[in-house]
Amino acid sequence: MKCNLKLIFLSIFYFQLTFAQSQKLRGVVLEESSKGTFVPLVGAPVYWLNNPAIGVITDTSGVFTIEFIDNNIYNQLVISYLGYTSDTVFVKGNERLRIILASQNTKELTEVEIIERLSSTSQNTLSALNTKIMSEKELFKAACCNLSESFETNPSIDVNFADAVTGAKQIQILGLSGIYTQLTTENMPDICGLASTYGLSYIPGPWIESIQVTKGIGSVANGYESMTGQINIELKKPDVTVNKGEKVYANAYLNSFDRLEANLNIAAKINQKWSTATLLHGDNMQTVMDFNKDNFMDMPMGKQFNVINRWKYENKNWVVQFGGKLLIDERMGGQYQYYDSLSQHIGHGVRLPNLYTTENRTQRGELFGKIGYVFPNKKYKSMGLQMSGTWHKQEQYYGRNTYLSEQRSAYLNFIYQSIIGNTNHKFRVGSSFKNDTYLESYFYLIYTKSNFALREYYRNEIIPGGFGEYTWTPTPKLTLIGGLRTDYHNLFGLQISPRLHGKYDITEKTQIRFSGGRGFRTANIIADNFGYFISDRSTRINENYESILKYPYGIPTPEIAWNYGLSLSQDFRLNYRKGTITLDYYRTDFEKQVVADIYSDVNKIQYYVLSGQSYANSFQAEINYELFKRLDVRMAYRFYDVQSKYIIGWQQRPFISKHRFFVNVAYETKSKWKFDATLNWNGPKLLPQTAEYAQKYSPDFFTLNAQISKSFGNTQNNWFDVYLGVENLTGFRQEKAIINVQNPFSQGFDAAQIWGPITGAMVYVGARYKWK
């Protein structure tokens with residue numbers, strides 16, 4: 001039967017509150033005429049069975065929009081109409097609904113049909129911040145073993161190897177290193193400080209419920225370090241796991257490099273108020289991989305054990321969450337002669353003097369807690385307290401150099417939110433406290449003098465702060481958010497960070513967002529630039545020796561940046577299928593930036609502070625469209641202009657493609673087969689001069705990742721999924737990833753000049769299982 005009614009599309013609204021996620025559910029109510037066509041029912045009441053106060057009526061097209069909270073309370077929707085049989089629909093998610101009511105004069109059964117699939121990545125349309133939400137469905141498009149592999153289908157984030165030996169990965173967003181992006185877990189600081197070297201591998205993919213990627217300056221409520229954006233990871237929680245059918249979730253993975261991973265998530269609801277979950281992860285790789293036959297392992301051998309246990313208590317007005325994490329990570333790379341097995345050497349201090357080897361041993365523990373209270377009969381008013389404590393110890397050996405480090409951190413953040421008069425005027429105020437203690441010992445060889453030097457750095461940062469944020473919504477089309485942070489840093493003094501966000505709905509389908517503000521951070525010179533230390537270059541920090549005991553590395557200023565951005569999104573329909581076009585531009589201007597200068601001297605890495613002589617411009621155009629039924633296409637073009645004024649003058653930042661093109665295609669059949677492919681084209685990257693060659697550009701190159709998966713069983717009860725994939729299907733690999741590889745202990749050796757893939761094609765297989 002052909003419907004002569006023009007159907008509207010579903011807009012999924014996410015409004016991130018402290019403890020709940022409010023959305024909008026849309027649908028259309030129809031009747032079937034005697035001629036077999038569908039006719040809209042105008043003025044039909046639609047309300048929630050458990051809360052009739054939240055209700056609407058359908059408009060002249062039979063369309064309704066109703067507030068929806070994704071939990072077990074809002075799951076039965078009642079639709080009634082005079083002369084028709086009332087219907088109660090069980091809502092499993094915020095899908096777009098088409099509801100056909102049966103006349104009381106007929107014996108027809110009512111029908112409910114889902115006519116639009118939820119997107120795997122969605123825009124937070126209610127928020128003034130430019131935030132994209134990557135759901136678990138998006139993460140399933142790739143193996144996603146850990147956080148570093150979770151962005152393969154995201155065109156805004158680049159993930160690259162820091163060097164050709166250690167296996168450490170780093171991200172780039174808006175053309176700048178991930179150290180300028182605030183990485184949080186459930187809006188609490190996580191991957192920062194010493195963890196920035198290997199931290200992307202510390203969060204297993206199967207632990208992740210969703211990832212929120214915000215471009216531009218972040219909210220003042222989440223901290224002062226967000227300069228180019230925020231990446232917030234939402235882990236699987238006890239209540240979410242139980243309510244959505246995941247009492248047990250298991251995942252196993254094996255690739256052609258003999259890397260084996262296993263994950264097990266177990267959740268239990270103790271009673272009506274208490275629930276708990278334990279998430280386990282282990283991986284192991286003990287096979288030597290050397291595709292280019294240079295006697296250096298292309299990927300380090302290693303093993304990791306990771307566990308989190310968390311609890312949740314919830315009653316009518318209180319929500320309490322707490323738990324703990326433990327991580328043990330060990331890796332070994334470099335030259336592999338005489339090394340038969342990782343277990344014979346790593347962790348036992350065995351270092352052969354004639355071989356260039358690298359070892360990393362990390363131990364990390366964390367305790368965390370969140371307390372939230374919602375005032376009775378005033379759901380708009382709440383307060384919450386976030387707290388965490390982290391201990392991180394790292395031992396790193398590379399060549400003849402040793403780096404020993406330890407970090408102890410404590411974090412508190414209190415937030416109170418309410419309204420002024422009505423919900424057009426909302427505010428959040430709060431206070432925070434952060435304490436980071438670092439102890440670093442760097443024992444290294446000075447090649448020019450053939451002797452060793454020892455540098456020790458100790459600092460204790462104490463940063464109390466306060467913030468306020470006001471949200472003004474004078475009309476449904478306009479939202480303005482003004483925020484101000486004031487932090488007192490015991491080493492750098494008073495720091496004031498103003499921020500502004502805005503959103504204007506030009507039409508129902510066209511939105512424009514803008515943002516601007518200031519952020520700051522303390523540079524961790526060694527951890528932030530660890531890849532550069534895998535070379536023979538001597539390290540020079542332009543430090544003030546009289547103040548080296550007072551300031552971090554003797555540098556008497558934090559890094560300070562202003563970020564401004566503009567984003568335009570346009571929804572459209574073509575051939576009755578939904579699409580979105582997004583254009584955004586962001587600029588970052590540094591007041592102060594600590595740079596690693598590898599241009600001025602081929603034998604040195606010089607670290608010094610630039611004052612207002614560094615910037616980054618970023619432009620991106622992206623289109624998402626359902627080309628055919630269940631065939632989604634995502635295409636993006638991105639341009640970067642990132643420059644700093646070094647000693648020798650203005651230069652583009654190294655190892656950054658000015659131009660990048662991205663295509664992702666995802667297809668799903670009715671029989672639960674899924675096909676995903678991602679193609680990347682990276683333009684040339686500027687390479688600095690080395691002892692072997694003059695400054696030049698890398699070639700451009702393509703990479704292709706693909707995956708096929710098949711689901712079995714009842715997706716609401718027992719669910720089983722198998723997948724097969726290939727990374728770097730084109731097999732492109734950077735030649736001479738290590739410069740002067742034959743002489744690792746002499747001048748000219750450099751493993752940090754990485755601009756492309758360092759391994760060939762990699763095949764993987766895996767299976768996922770979920771039990772309710």
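Computed from a predicted structure; not experimentally measured. (Residues numbered from 1 in each chain as written. Predicted model: local features only at pLDDT ≥ 70, side-chain atom pairs only at ≥ 80, totals over all residues. Heavy atoms only, no water.)

**Regarding the overall build of the protein**
Next, step 1: Counting secondary structure elements, the protein contains three helices and 46 strands.
Next, step 2: When the 772 residues of the protein are sorted by exposure, 58% land in the buried category.
Next, step 3: Residue pairs at least 24 apart in sequence account for 63% of intrachain contacts in the protein once pairs closer than 6 positions are excluded.
Next, step 4: Carbon together with sulfur atoms contributes 57% to the accessible area of the protein, which is approximately 31800 Å² in total. (Helix = DSSP H or I, 4+ residues; strand = E, 2+ residues; numbered from the N terminus. Buried < 20%, exposed > 50% of the residue type's maximum accessible area, 1.4 Å probe, protein only. Contact = heavy atoms within 4.5 Å. Areas by Shrake-Rupley, 256 points an atom, 1.4 Å probe, with all protein chains shown as cover.)

**Side note on the packing of aromatic side chains**
Next, step 1: Summed over all chains, the structure comprises 31 aromatic pairs.
Next, step 2: A ring pair is formed by Tyr356 and Phe749, whose centres lie 4.9 Å apart and whose planes are at 50°; its orientation type is tilted. Of the two residues, Tyr356 sits in the loop between strand S24 (318–334) and strand S25 (357–374) while Phe749 sits in the loop between strand S45 (718–727) and strand S46 (762–771), which places them 393 residues apart along the sequence.
Next, step 3: Arranged with centres 4.8 Å apart and planes meeting at 55°, the rings of Tyr457 and Tyr553 form a pair that is tilted. A residue pair is termed long-range when its members are at least 10 positions apart, and Tyr457 in strand S29 (residues 451–475) and Tyr553 in the loop between strand S33 (538–541) and strand S34 (559–574) qualify at 96 residues. Accessibility assignment for this pair places Tyr457 and Tyr553 in one class, buried.
Next, step 4: Here the aromatic cluster, defined as three or more aromatic residues joined through ring pairs, consists of Trp318, Tyr373, Phe375, Tyr416 and Phe427. (Phe/Tyr/Trp six-rings, centres within 6.5 Å; stacked < 30°, edge-to-face > 60°.)

**Comments concerning the sheet that holds strand S17 (residues 188–189)**
Sheet strands associate in pairs through backbone hydrogen bonding, adopting either a parallel or an antiparallel arrangement.
Next, step 1: The sheet built from six strands is open, its strands ordered S11-S12-S18-S19-S16-S17 with mixed pairing. Each having just a single partner strand, strand S11 (121–123) and S17 make up the two edges of the open sheet.
Next, step 2: Bridge analysis of strand S18 (residues 208–215) against strand S19 (residues 229–235) gives seven bridges, and the strand direction is antiparallel. From the neighbouring strand, Val213 faces S19, where its bridge partner is Ile231. (Pairing = 2+ DSSP bridges.)

**A word on the environment of Phe533**
Next, step 1: Mapped onto the elements of the fold, Phe533 is located in the loop between helix H3 (525–528) and S33.
Next, step 2: Counting along the chain gives 218 residues from Phe533 to Ala751, while the straight-line C-alpha distance between them is 8.7 Å.

**Quick word on the pattern of salt bridges**
Next, step 1: All told, the structure shown has 34 salt bridges when counted by the stated rule.
Next, step 2: Linking Arg485 and Asp487 is a salt bridge whose minimum nitrogen-to-oxygen distance equals 2.7 Å. The burial state of Arg485 is the same as that of Asp487; both residues are buried.
Next, step 3: Several salt bridges converge on common partners, so that one network encompasses Glu186, Glu234, Lys237, Arg310 and Lys370. (Salt bridge = Lys/Arg side-chain N within 4 Å of Asp/Glu carboxyl O.)

**Overview of the pairing of S34**
Next, step 1: Pairing between strand S32 (residues 510–521) and S34: twelve bridges, direction antiparallel. Residue pairing for S34: Thr510 is matched across the bridge by Gln570.
Next, step 2: Of the pairings in the sheet, the one linking S34 to strand S35 (residues 577–597) comprises 15 bridges and is antiparallel in character. Across the sheet, Trp562 pairs through a bridge with Asp589, a residue of S35.
Next, step 3: What sits between S34 and S35 in their antiparallel hairpin is a turn of two residues, with Asn575 showing a positive phi close to 55°.

**Brief notes about the sheet that holds strand S13 (residues 157–161)**
Next, step 1: Pairing within the open sheet is antiparallel, and its three strands lie in the order S13-S14-S15. This sheet does not close on itself; its edge strands, each paired only once, are S13 and strand S15 (176–177).
Next, step 2: Two strands pair when backbone bridges link them, and strand S14 (residues 169–173) and S15 are joined in this way by two bridges, in the antiparallel orientation. Its bridge partner being in S15, Ile173 is matched across the sheet by Leu176.

**A look at a nonpolar patch on the surface**
Next, step 1: Taken together, the side chains of Tyr504, Ile506, Leu568, Ile581, Leu583, Tyr585, Phe619, Met635, Tyr637 and Phe661 define a hydrophobic patch exposed on the protein surface, amounting to about 790 Å² of accessible area.
Next, step 2: Listed by contribution, the elements that provide at least two residues to the nonpolar patch are strand S31 (493–507), S35 and strand S38 (631–646).
Next, step 3: In terms of residue count, S35 provides more of the nonpolar patch than any other element does, three residues in total.
Next, step 4: Note on placement: Tyr637 falls in strand S38. (Patch = residues over 30% accessible without salt bridge, like charges linked within 9 Å, V, L, I, M, F, W, Y side chains within 5 Å.)

**Considerations on the nonpolar core**
Next, step 1: Residues Tyr398, Tyr532, Tyr607 and Ile738 are the most contacted members of the largest nonpolar core, which totals 58 residues.
Next, step 2: Only strand S28 (422–446), S29, H3, S35, strand S36 (604–611) and S46 provide two or more residues apiece to this core.
Next, step 3: Within the second largest apolar cluster, 26 residues are counted, among which are Cys144, Ile191, Leu200 and Phe368. (Core = buried A, V, L, I, M, F, W, Y, C linked by side-chain atoms within 4.5 Å.)

**Focus on the confidence of the model for the protein**
Next, step 1: On average, residues of the protein score 85 in pLDDT, and 86% of them are at 70 or above.
Next, step 2: Here residues 106–115 is a poorly scored stretch, pLDDT under 50, and it has 24 contacts once near neighbours within four places are set aside; other chains count.
Next, step 3: Long-range and interchain partners of residues 340–349, a stretch whose pLDDT sits below 50, account for 23 contacts in this model, where long-range means more than four residues apart. (pLDDT = per-residue confidence, 0-100.)

**A word on the side chain of Ser618**
Next, step 1: Within the fold, Ser618 resides in strand S37 (residues 614–628).
Next, step 2: Sequence-distant contacts of Ser618, that is, excluding residues within four places in its chain, are made with Leu174, Asp584, Tyr585, Tyr586, Phe639 and Tyr640.

**Points about the environment of Lys378**
Next, step 1: Within the secondary structure, Lys378 sits in the loop between S25 and strand S26 (382–398).
Next, step 2: Remark: the alpha-carbon pair of Lys378 and Ser418, spanning 40 residues in sequence, is separated by 8.9 Å.

**Remarks on the environment of Met285**
Next, step 1: Looking at the secondary structure, you find Met285 in strand S22 (residues 274–285).
Next, step 2: Through-space distance from the C-alpha of Met285 to that of Phe257 is 7.8 Å; in sequence the pair is 28 residues apart.

**Quick word on the state of the cysteines**
Next, step 1: A full pass over the atoms with the stated rule returns zero disulfides.
Next, step 2: Of all cysteine sulfurs, the one in Cys145 lies closest to Cys144, which takes part in no disulfide; the gap is 7.6 Å.
Next, step 3: Look at Cys145 and you get buried, because its relative accessible area is 4%. (Disulfide = S-S within 2.5 Å.)

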